[in-house]
Amino acid sequence: MKLLRDKFDAHFREYREHLQREVARFRDALSVYRHINERKDDYLSELNLAPAFFHTVEDALFTTIILWADKLFDEKGQRGLFNFLALIENNRDWMAIGELQRRRSYPDDHWMLQDRVPITFQSIEEDRQRIRGLAALKSIQLRRDKFHGHFDKEYFFDRQRLQAEAPITWENLTEAGDVMLTMLNDYSVDFDGNLFASETMGIDDLTSLLHAARKGRGTRGPAS
């Protein structure tokens with residue numbers, strides 16, 4: 001739906017804020033999930049001081065990863081990246097380079113205005129295709145539909161089938177998270193020049209905690 005300029009500006013800012021939170025939720029869950037998994041290589045004994053806790057956390061994080069990716073990439077979702085792209089497509093006039101200049105009061109020769117590529121129907125469609133082409137997308141959708149969203153009777157009793165038919169790699173999930181953030185940041189910069197950080201804050205806290213546990217047990221930590 002085409003909005004008036006002031007209404008679009010307000011709606012974009014609100015949408016961007018909430019969408020960024022959900023993209024960060026996915027990326028943080030993935031980062032922590034991978035961090036726990038990798039610590040099994042160098043701090044397995046310390047993780048086994050509380051095996052039920054870490055196993056439960058891993059399961060919860062993986063379910064979050066699947067559900068949030070599915071929601072953010074849902075083409076028919078009432079909110080998410082496809083809906084966000086529709087907002088941009090219907091209001092391209094307010095995403096023009098001149099509008100960026102207006103919002104930030106940039107002078108005509110400001111570097112942010114130089115060689116900027118305008119948003120077009122084609123560029124928006126290319127972003128849609130980037131999502132549709134993600135290697136993890138079909139596996140995410142299958143896992144959501146057959147297990148994490150609700151239990152399919154066949155996959156419920158045959159977990160190996162789910163692993164075989166919906167494989168997911170770290171690289172696939174990382175790519176999905178990168179597309180989420182890059183897409184959000186690209187349009188955010190086009191809107192008013194702002195972008196969001198990509199790193200999960202405090203991601204090394206678990207390693208510090210496990211290292212302290214190792215020191216308390218009197219065992220030697222891994223080489224730095």
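Now for a quick tour of the structure. (Residues numbered from 1 in each chain as written. Predicted model: local features only at pLDDT ≥ 70, side-chain atom pairs only at ≥ 80, totals over all residues. Heavy atoms only, no water.)

1. A word on the side chain of Ser-188
- Note that Ser-188 resides in helix 10 (residues 170-192).
- Looking at Ser-188, the relative accessible area reads 0%, which means it is buried.
- Engagement of the side chain of Ser-188 in a polar contact is seen with the side chain of Arg-16, the distance being 2.9 Å.
- Leave out the neighbours within four places in its chain, and Ser-188 touches Phe-12, Arg-16, Gly-193, Asn-194, Leu-195 and Phe-196. (Helix = DSSP H or I, 4+ residues; strand = E, 2+ residues; numbered from the N terminus. Buried < 20%, exposed > 50% of the residue type's maximum accessible area, 1.4 Å probe, protein only. Polar contact = N/O pair within 3.5 Å; in protein donor to acceptor, adjacent residues only side chain to side chain. Contact = heavy atoms within 4.5 Å.)

2. Section: helix 6 (residues 121-132)
- Over its twelve residues, helix 6 extends 17 Å from the first C-alpha to the last, a length consistent with the 16 Å expected when each residue adds 1.5 Å.
- Along helix 6, the positions that sit buried rather than exposed are Ile-124, Asp-127, Arg-128 and Ile-131. Within helix 6, the buried residues cover an arc of 100° as seen down the axis, which keeps them to one side.
- As for helix 6, its buried residues are in contact with helix 4 (81-90), helix 7 (137-148) and helix 10. (Expected span 1.5 Å × (residues − 1). Arc of directions from axis to C-beta.)

3. Digging into the packing of aromatic side chains
- Summed over the entire model, instances satisfying the criterion amount to twelve aromatic pairs.
- Judged by centre distance (5.8 Å) and plane angle (45°), the ring pair of Phe-8 and Phe-12 falls under tilted. With Phe-8 and Phe-12 both in helix 1 (residues 5-39) and four residues apart, this pair spans about one turn of that helix. Like Phe-12, Phe-8 is buried.
- With a centroid separation of 6.2 Å and 65° between ring planes, the pair formed by Phe-8 and Phe-191 is classed as edge-to-face. Residue Phe-8 is located in helix 1, and its partner Phe-191 is located in helix 10; the two are separated by 183 residues in the primary sequence.
- With a relative accessible area of 0%, Phe-191 lands in the buried category.
- Ring pairing ties together the aromatic residues Phe-8, Phe-12, Tyr-15, Phe-84, Tyr-187 and Phe-191, which thus form one cluster. (Phe/Tyr/Trp six-rings, centres within 6.5 Å; stacked < 30°, edge-to-face > 60°.)

4. Some details on helix 11 (residues 205-217)
- The terminal C-alpha atoms of helix 11 lie 19 Å apart, and with 13 residues this matches the ideal 18 Å at 1.5 Å per residue to within 8%.
- Taken as a whole, helix 11 has its buried residues at Leu-206, Leu-210 and Arg-214. Burial along helix 11 is one-sided: seen end-on, the buried residues are contained in an arc of 75°. Set apart from the buried face of helix 11 by more than 90 degrees, the exposed residues are Asp-205, Leu-209, Lys-215 and Gly-216.

5. Thoughts on the pattern of salt bridges
- Summed over the entire model, instances satisfying the criterion amount to 24 salt bridges.
- A salt bridge links Asp-9 to Arg-103; the nearest nitrogen and oxygen atoms lie 2.8 Å apart. Of this pair, Asp-9 sits in helix 1 while Arg-103 sits in helix 5 (residues 97-104), and the two are 94 residues apart along the sequence. An identical accessibility class is assigned to Asp-9 and Arg-103; each is buried.
- In this structure, Arg-144 engages Asp-145 in a salt bridge whose closest nitrogen and oxygen atoms are separated by 3.4 Å.
- Under the relative-accessibility criterion, Arg-144 is labelled partly exposed at 29%.
- Asp-145 gets classed as partly exposed once you look at its relative accessible area, which sits at 34%.
- Bridged by salt links that share partners, the residues Arg-5, Asp-9, Glu-99, Arg-102 and Arg-103 form one connected network. (Salt bridge = Lys/Arg side-chain N within 4 Å of Asp/Glu carboxyl O.)

6. Focus on the nonpolar core
- Core analysis: the biggest nonpolar cluster contains 48 residues, and Phe-26, Phe-73, Ile-131 and Tyr-187 have the highest contact counts within it.
- At the level of secondary structure, the elements contributing two or more residues to this core comprise helix 1, helix 3 (51-72), helix 4, helix 6, helix 7, helix 10 and helix 11.
- For this core, the element with the highest residue contribution is helix 1, accounting for ten residues.
- Listed in part, the five residues of the second largest apolar core include Leu-100, Met-112, Leu-113 and Val-189. (Core = buried A, V, L, I, M, F, W, Y, C linked by side-chain atoms within 4.5 Å.)

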